[in-house]
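One letter stands for each residue in the lines below.
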Protein chains: 4
Amino acid sequence: MQKNKAAEQQGQEEWIAELLTLSEEQKMTPKQLAILQAGIEIFSEKGYAAASTSEIAQRAGVAEGTIFRYYKTKKELLLSIVSPAMAKMIAPFVLRNFGGVLDVPFESYEAFLRAFMVNRLEFARKNFKILRIFVQEIPFQPVLREQFIENVMNNILERVTNITDHFKEKGEVAGVPTPSIIRFTISSVIGYLLARLLLMPDKDWDDEAEINLTIEFMLHGISGPAIRRENQ
Amino acid sequence: MQKNKAAEQQGQEEWIAELLTLSEEQKMTPKQLAILQAGIEIFSEKGYAAASTSEIAQRAGVAEGTIFRYYKTKKELLLSIVSPAMAKMIAPFVLRNFGGVLDVPFESYEAFLRAFMVNRLEFARKNFKILRIFVQEIPFQPVLREQFIENVMNNILERVTNITDHFKEKGEVAGVPTPSIIRFTISSVIGYLLARLLLMPDKDWDDEAEINLTIEFMLHGISGPAIRRENQ
Amino acid sequence: MQKNKAAEQQGQEEWIAELLTLSEEQKMTPKQLAILQAGIEIFSEKGYAAASTSEIAQRAGVAEGTIFRYYKTKKELLLSIVSPAMAKMIAPFVLRNFGGVLDVPFESYEAFLRAFMVNRLEFARKNFKILRIFVQEIPFQPVLREQFIENVMNNILERVTNITDHFKEKGEVAGVPTPSIIRFTISSVIGYLLARLLLMPDKDWDDEAEINLTIEFMLHGISGPAIRRENQ
Amino acid sequence: MQKNKAAEQQGQEEWIAELLTLSEEQKMTPKQLAILQAGIEIFSEKGYAAASTSEIAQRAGVAEGTIFRYYKTKKELLLSIVSPAMAKMIAPFVLRNFGGVLDVPFESYEAFLRAFMVNRLEFARKNFKILRIFVQEIPFQPVLREQFIENVMNNILERVTNITDHFKEKGEVAGVPTPSIIRFTISSVIGYLLARLLLMPDKDWDDEAEINLTIEFMLHGISGPAIRRENQ
DNA sequence: GATGAATGAGAGTTCATTCAT
DNA sequence: GATGAATGAACTCTCATTCAT
């Protein structure tokens, strides 16, 4: 268990490191940064359609025309906010594929789940507002939907499928259809993130305990004290 | 098992019956109905803020002014669509509390989960567009959020908590914090609904098998063939 | 000469009659008429690009939004002003083709020239502002250019060519290329219209004398008293 | 006839020479020249009001601000394009008045007309785009209009009046009001230029023949073979 | 001298809402 | 009850012009 934890911890930190390196590459003027920041805030507060460029300009402390020097249209501003975030979102999955040697760098499925949860929680915490915008707008922005399908389907899903299949062969995961396993797993993780960050952000959460509990649920279900006893 | 199934089946049908009785009480003119219907469609297609009342009027086949005879504002139209649906949403949980006698009318936790899933799937299927609107707008409409918190917190959550605690005492559910169990359970159910109805509605779904699998996951997790074998 | 004059007079009046019948067929609300009228004035005063819809609305005495109830765009308002005028412009030429019998209803080329000048002067006088807009915008509005080419090339030019060729055969017109004759003729007529209505509208014009003179020029040139004497 | 031709040819070339000497007097930086050139192109393509200074800057390959170093306003750029061209336009007429001796340096009115046409065609060909801008903008720019009236009325018209009166006395031109003669003459010339350069620039023109024909028209009209025969 | 980021007034257009019919 | 013409505020976006660098 100690070894596992160390490995996970390491996996997690690598992921985060990769995220960070991706993000600060573009040089922006302070005004552009202010516009982007104001856009994130107002889009996430009111939704894209109900946000007005004049309010964004005001919050950013620039003239309204300045927004349109950097972004030709309001929609381009939206995409400039969300698209890079989507790239960062898949970064930890994509970058793994290079470097090679070990394609599944996790000791156990549990280790994977833990690293996954910790990483996603960290990501969601850092990009909370952008994620909100993303989730709100994906039904209405075909461009976003296409990017999402392409990225998630061709990167994340494939990668998670590989990992899951790997541990299925090792007997750590039940011999049921992988898509169902993944759906169930992702539901549980996202369910936690939503409760944690969106529904009850002010509750006094013990993240480590809740993550452990959620992993327990995913691995052994909620059905009772016998199983419980074995694992706690 | 057979007996269980019959019971669940019955439970489910009762719930549906209750839903129906709630809905047709208001008398509406055909125009008002057309407006409501058009509102549902256009709000769910474009989102509330991006939908225009003139388009709704056109789709409904009425004059623009007619909408405002029935609904003072565009927002009132939105609420007239979503609020009743929210009432219907909690109906199966609320009505139970009357009639009394048996507060937990399920043979087992598994029976409850199955009834719950079947019922929610049915409900989501029937009210898909309204649910979309609801989910889209709840972050931006305080009125909706209040209604939701009040209804869900004070009705559904309380009731589900009761049921869960009941089976926790019976030993069918693990002795961990009930809120975590509920969060996990609801995540799994909603995850299935989303995949089923929103993400991949065109896939060839075997609902019964997927529901069984999801219940298996919820009860015993994904951790492997040994546990699997015991339960199937 | 007396007979000629009568015939011309008659031809001219028919043309005018035809013009009038074409114009008042559409029913318009007073507001729409005011918008159209204001559009004509302001477009002709400032040019299309430099005219603002807000100024048009103000001059028309309506709200700015009202313009866009009747005309989806500013450009549509422009075309709604100019296109019908173009139809009216070719009306006297088009309608001739029906009724048949006599395709060239003029006693002499001189009679034709006189009827043509009188008719065009009348038309230009009545539609001065619209013609200004038309001339100003035709280089920049492909739609206008297409309409103009189609109408003028396929209707007016063909018709005038027929008439000219007719009198060429009769020996009233020199045996030189018809296009050159037409170009020269139209230049002279338009030159008069421009001087008369645009360049020096305030001069004290004797239209009949100037028209006679211009016809003299077209028929016999400016070269001297001998020729002059023969014809006056 | 041979002699005439030589004289005209000479007259024409003198005029052109005068034009050239006028033009290269101002010293301009390459950037300013580029701005001027880009201004000419874009103003003539889109019209003054619809042209944007940013597009001009782009086409000129300079920064937006640079335009305003050389020309305080967009309108000043316009005038800097059109005004010098207007000066060049009247140059051949103005300069004649100096040097004196012979105020009417043409053997015949026909020689004058030919020299006039050839010269104007040459001028229009070389300054086509600027002339377009000039014609488009003169209705909307009082400054231009004043310059034009002053120059044309006080220089060209006076001079052409002198020439025409001279040949009227000699009996080469009919004894009708000079303004009408000039109007008619200029209409015919401009009509040719427009057809030649604007309406059908791609047609295969035989300029010499068309000019001869136009002069024929101006001198003897279009009225028939008898007159024709006398003059050809 | 040249730049181009920044401005803000004003452009065309949309839209929820009103009200006379 | 139902209409749809009319509104005017607010929207996104453009552009001539300024000015610190």
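Fair warning: this is a prediction, and the values are worked out from it, not measured in the lab. (Residues numbered from 1 in each chain as written. Chains lettered and ligands numbered in written order. Predicted model: local features only at pLDDT ≥ 70, side-chain atom pairs only at ≥ 80, totals over all residues. Heavy atoms only, no water.)

Just checking my understanding: could you explain the overall build of chain A for this structure?
Each helix and strand in chain A was counted, giving eleven helices and zero strands. Traced from its N-terminal end to its C-terminal end, chain A shows the element sequence α-α-α-α-α-α-α-α-α-α-α. Across chain A, every contact between residues at least 6 apart in sequence was considered, and the portion connecting residues at least 24 apart equals 70%. As presented, chain A carries roughly 11,500 Å² of accessible surface, and 57% of it is formed by carbon and sulfur atoms. (Helix = DSSP H or I, 4+ residues; strand = E, 2+ residues; numbered from the N terminus. Contact = heavy atoms within 4.5 Å. Areas by Shrake-Rupley, 256 points an atom, 1.4 Å probe, with all protein chains shown as cover.)

Could you clarify how one ought to interpret the protein's contact with DNA strand E in this entry?
What surrounds DNA strand E is a group of 32 residues, the closest being Thr66 and Tyr70 of chain A, Thr53 of chain B together with Thr66 and Tyr70 of chain D. Of what DNA strand E places within 4 Å of the protein, 64% of the atoms are sugar or phosphate. Here a base nitrogen of DNA strand E and a side-chain polar atom of arginine 69 of chain D are 2.9 Å apart. A distance of 2.5 Å separates a phosphate oxygen of DNA strand E from a polar atom in the side chain of tyrosine 70 of chain D. Elements that contribute at least two residues to the surface near DNA strand E include exactly α4 (64–70) of chain A, α3 (53–60) and α4 (64–70) of chain B, α3 (53–60) and α4 (64–70) of chain C together with α4 (64–70) of chain D. Its residues assigned to classes, the surface near DNA strand E comprises ten nonpolar, 14 polar and eight charged. (Near = heavy atom within 4 Å. Polar contact = N/O pair within 3.5 Å; in protein donor to acceptor, adjacent residues only side chain to side chain. Nonpolar A, V, L, I, M, F, W, Y, C, P; charged D, E, K, R; others polar.)

Honestly, the protein's contact with DNA strand F in this entry has me stumped. Any pointers?
Residues in close proximity to DNA strand F total 31 residues, the closest being Thr66 and Tyr70 of chain B together with Thr66, Arg69 and Tyr70 of chain C. Of all DNA strand F atoms lying within 4 Å of any protein atom, the proportion belonging to sugar or phosphate reaches 62%. Backbone polar atom of lysine 74 of chain D to a phosphate oxygen of DNA strand F: 2.7 Å apart, as the coordinates give it. Secondary structure elements with two or more residues in the surface near DNA strand F: α4 of chain A, α4 of chain B, α4 of chain C together with α3 (53–60) and α4 of chain D. Per-class residue counts for the surface near DNA strand F are ten nonpolar, 13 polar and eight charged.

Where do I start with the nonpolar core in this structure?
Most often, soluble globular proteins keep nonpolar side chains buried together rather than apart. Residues Tyr109, Phe112 and Met218 of chain A together with Tyr109, Phe112 and Met218 of chain B are the most contacted members of the largest nonpolar core, which totals 78 residues. In contact with tyrosine 109 of chain B, not counting residues within four places along its chain, are Ile222 of chain A together with Thr164, Phe167, Glu172, Val173, Ile181, Thr185 and Leu219 of chain B. Counting residues in each nonpolar core, the second largest holds 76 residues, with Phe116 of chain C together with Ile181, Ile211 and Met218 of chain D among its members. (Core = buried A, V, L, I, M, F, W, Y, C linked by side-chain atoms within 4.5 Å. Buried < 20%, exposed > 50% of the residue type's maximum accessible area, 1.4 Å probe, protein only.)

Help me out: how do you make sense of the interface of chain A and chain B in this one?
Accessible area lost upon the coming together of the parts serves often as the stated size of an interface. Residue-level contacts link 42 residues of chain A with 43 residues of chain B. For the chain A face of the interface with chain B, the top three residues by lost area are Arg183, Phe184 and Ile222 of chain A, together amounting to 21%. For the pair chain A and chain B, the interface holds two salt bridges. For the salt bridge of glutamate 210 of chain A with arginine 183 of chain B, the shortest nitrogen-to-oxygen distance reads 2.3 Å. Of all the secondary-structure elements, those providing two or more residues to the side of chain A that touches chain B are α2 (30–46), α7 (128–137), α9 (178–199), α10 (207–220) and α11 (225–231) of chain A. The biggest single contributor to the side of chain A that touches chain B is α9 of chain A, with ten residues. For the side of chain A that touches chain B, the class distribution of residues is 21 nonpolar, 14 polar and seven charged. (Buried area = accessible area lost by both parts, 1.4 Å probe. Salt bridge = Lys/Arg side-chain N within 4 Å of Asp/Glu carboxyl O.)

What is the right way to read the environment of lysine 168 of chain B from this model?
Residues and elements named next belong to chain B. Tracing the backbone shows lysine 168 in helix α8 (residues 142–169). A C-alpha to C-alpha distance of 8.7 Å links lysine 168 and threonine 178, two positions ten residues apart in sequence. Once residues within four sequence positions are removed from consideration, lysine 168 is found in contact with Val173, Ala174, Gly175, Val176, Pro177, Thr178 and Ile181.

Explanation requested: a nonpolar patch on the surface in the structure shown.
Together, Ile190, Leu194, Leu198, Leu199 and Met200 of chain A make up a nonpolar patch on the protein surface, roughly 440 Å² of accessible area in all. In this structure, isoleucine 190 of chain A sits in helix α9. (Patch = residues over 30% accessible without salt bridge, like charges linked within 9 Å, V, L, I, M, F, W, Y side chains within 5 Å.)

Please clarify how helix α10 (residues 207–220) of chain C should be interpreted in this entry.
Side chains of residues three or four places apart in an α-helix project in the same direction, reflecting 3.6 residues per turn. All names here are of chain C. Here α10 is 14 residues long and its end C-alpha atoms lie 19 Å apart, about the 20 Å a rise of 1.5 Å per residue gives. Burial analysis of α10 places eleven of its 14 residues in the buried class, the great majority of the element. Every buried residue of α10 is listed here: Asp207, Glu210, Ile211, Leu213, Thr214, Ile215, Glu216, Phe217, Met218, Leu219 and His220. Positive backbone phi, approximately 75°, marks glycine 221, located one or two places after α10. (Expected span 1.5 Å × (residues − 1).)

Whenever I open this one, the relation of the copies chain A and chain B confuses me. Can you help?
For the match of chain A to chain B, the screw axis carries a shift of 0.0 Å, the RMSD comes to 0.2 Å, and the turn is 179°. Overall, the copies show the geometry of a two-fold rotation axis. Across chain A, the smallest distance between a C-alpha and the rotation axis is recorded for glycine 221 of chain A, namely 2.0 Å. When the interface residues of chain A are mapped onto chain B, 100% of them again lie at the interface, so the same face is used by both copies. (Least-squares fit on C-alpha atoms with pLDDT ≥ 70 in both.)

Looking at this structure, I do not really get the pattern of salt bridges. What am I missing?
Once their charged atoms are close, side chains differing in charge can pair, the charge on each being opposite to the other. One pass over the full model with this rule turns up 28 salt bridges over all chains. The partner of glutamate 41 of chain B in a salt bridge is arginine 59 of chain B, and the shortest N-O contact between them spans 2.8 Å. Of the two residues, glutamate 41 of chain B sits in helix α2 (residues 30–46) while arginine 59 of chain B sits in helix α3, which places them 18 residues apart along the sequence. For arginine 59 of chain B, a relative accessible area of 39% translates into the label partly exposed. The network of salt bridges with common partners includes Glu41, Glu45 and Arg59 of chain A.

Help me understand the UniProt feature "DNA-binding region" (unreviewed entry) in chain A in this model?
Annotation from UniProt places "DNA-binding region" (unreviewed entry) at residues 52–71 of chain A. The span residues 52–71 of chain A carries 75% helix and 0% strand; its end-to-end C-alpha distance comes to 14 Å. (UniProt positions renumbered as here; feature names shortened; annotations may be inferred.)

Teacher, can you tell me more about the packing of aromatic side chains here?
Given two aromatic rings, one states the distance between the centres and the angle between the planes to describe the pair. Tallied over the full model, the rule gives 35 aromatic pairs over all chains. For the ring pair tyrosine 109 of chain B and phenylalanine 167 of chain B, a centre distance of 5.7 Å and an interplane angle of 65° mean the geometry is edge-to-face. With tyrosine 109 of chain B in helix α6 (residues 109–126) and phenylalanine 167 of chain B in helix α8, this residue pair connects regions lying 58 residues apart in the sequence. Accessibility classification places tyrosine 109 of chain B together with phenylalanine 167 of chain B in one group, the buried group. Arranged with centres 4.6 Å apart and planes meeting at 25°, the rings of phenylalanine 217 of chain C and phenylalanine 184 of chain D form a pair that is stacked. Of this pair, phenylalanine 217 of chain C sits in helix α10 while phenylalanine 184 of chain D sits in helix α9 (residues 178–199), on two different chains. Phenylalanine 184 of chain D gets classed as buried once you look at its relative accessible area, which sits at 2%. Directly above the ring of tyrosine 48 of chain D sits lysine 74 of chain D, whose terminal nitrogen or CZ lies 4.6 Å from the centroid. (Phe/Tyr/Trp six-rings, centres within 6.5 Å; stacked < 30°, edge-to-face > 60°. Lys NZ or Arg CZ within 6 Å of the ring centre and 35° of its normal.)

Explanation requested: the side chain of serine 108 of chain D in the structure shown.
All names here are of chain D. The residue serine 108 is located in the loop between α5 (74–96) and α6 (109–126) in this model. The class for serine 108 is buried, based on a relative accessible area of 11%. At 3.0 Å, the side chain of serine 108 forms a polar contact with the backbone nitrogen of alanine 111.

How do you make sense of the environment of lysine 46 of chain C when you look at a structure like this?
Along the chain, lysine 46 of chain C falls in helix α2 (residues 30–46). Note: C-alpha distance between lysine 46 of chain C and proline 139 of chain C (93 residues apart in sequence) is 16 Å. If sequence neighbours within four positions are ignored, lysine 46 of chain C has contacts with Ala51 and Glu55 of chain C together with Phe140 of chain D.

Hey, could you run me through the UniProt feature "domain: HTH tetR-type" (unreviewed entry) in chain A in this one?
Under the UniProt annotation, the feature "domain: HTH tetR-type" (unreviewed entry) is placed at residues 29–89 of chain A. Segment residues 29–89 of chain A splits into 79% helix and 0% strand. End C-alpha atoms: 24 Å apart.

Would you explain the packing of helix α8 (residues 142–169) of chain D against α9 of chain D in this entry?
A pair of packed helices is captured by two measures, namely the crossing angle of their axes and the spacing between those axes. Residues and elements named next belong to chain D. Orientation of α8 relative to α9, taken along the N-to-C sense of each, is 110°, at an axis distance of 10 Å. With respect to their mutual orientation, α8 and α9 come out roughly perpendicular. Only Thr178, Ile181 and Ile182 of α9 make contact with α8, whose side of the interface consists of Leu157, Val160, Thr161, Thr164, Asp165 and Lys168. Of the residues assigned to the contact of α8 with α9, the class counts are four nonpolar, three polar and two charged. (Axes fitted to C-alpha atoms, helices over the stretch in contact; angles between N-to-C directions. Parallel < 35°, antiparallel > 145°, perpendicular 65-115°, else oblique.)

Is there a simple way to think about the environment of proline 92 of chain A in this case?
With respect to the element layout, proline 92 of chain A can be found in helix α5 (residues 74–96). For the pair proline 92 of chain A and lysine 46 of chain A, spaced 46 residues apart in sequence, the C-alpha to C-alpha distance is 30 Å.

It is not clear to me how the side chain of asparagine 151 of chain A should be interpreted in this structure. Could you clarify?
Residue and element names in this part refer to chain A. Position of asparagine 151 among the secondary structure elements: in helix α8 (residues 142–169). For asparagine 151, a relative accessible area of 18% corresponds to the buried category. Excluding residues within four positions of it along the chain, asparagine 151 makes contact with Met86, Ile90 and Ile156.

Looking at this structure, how should I read the confidence of the model for chain A?
Segments scoring low in pLDDT should not have their predicted coordinates read at a detailed level. All names here are of chain A. For chain A, per-residue confidence averages 83 on the pLDDT scale, and residues scoring 70 or more make up 80% of the total. Mean pLDDT across the elements of chain A ranges from a minimum in α11, with 44, to a maximum in helix α3 (residues 53–60), with 97. Counting contacts from residues 7–23, a segment whose pLDDT is below 50, to residues more than four positions away or on other chains yields 29 contacts. Note that pLDDT drops below 50 for residues 98–102; the model gives that stretch zero contacts with residues more than four away or on any other chain. (pLDDT = per-residue confidence, 0-100.)

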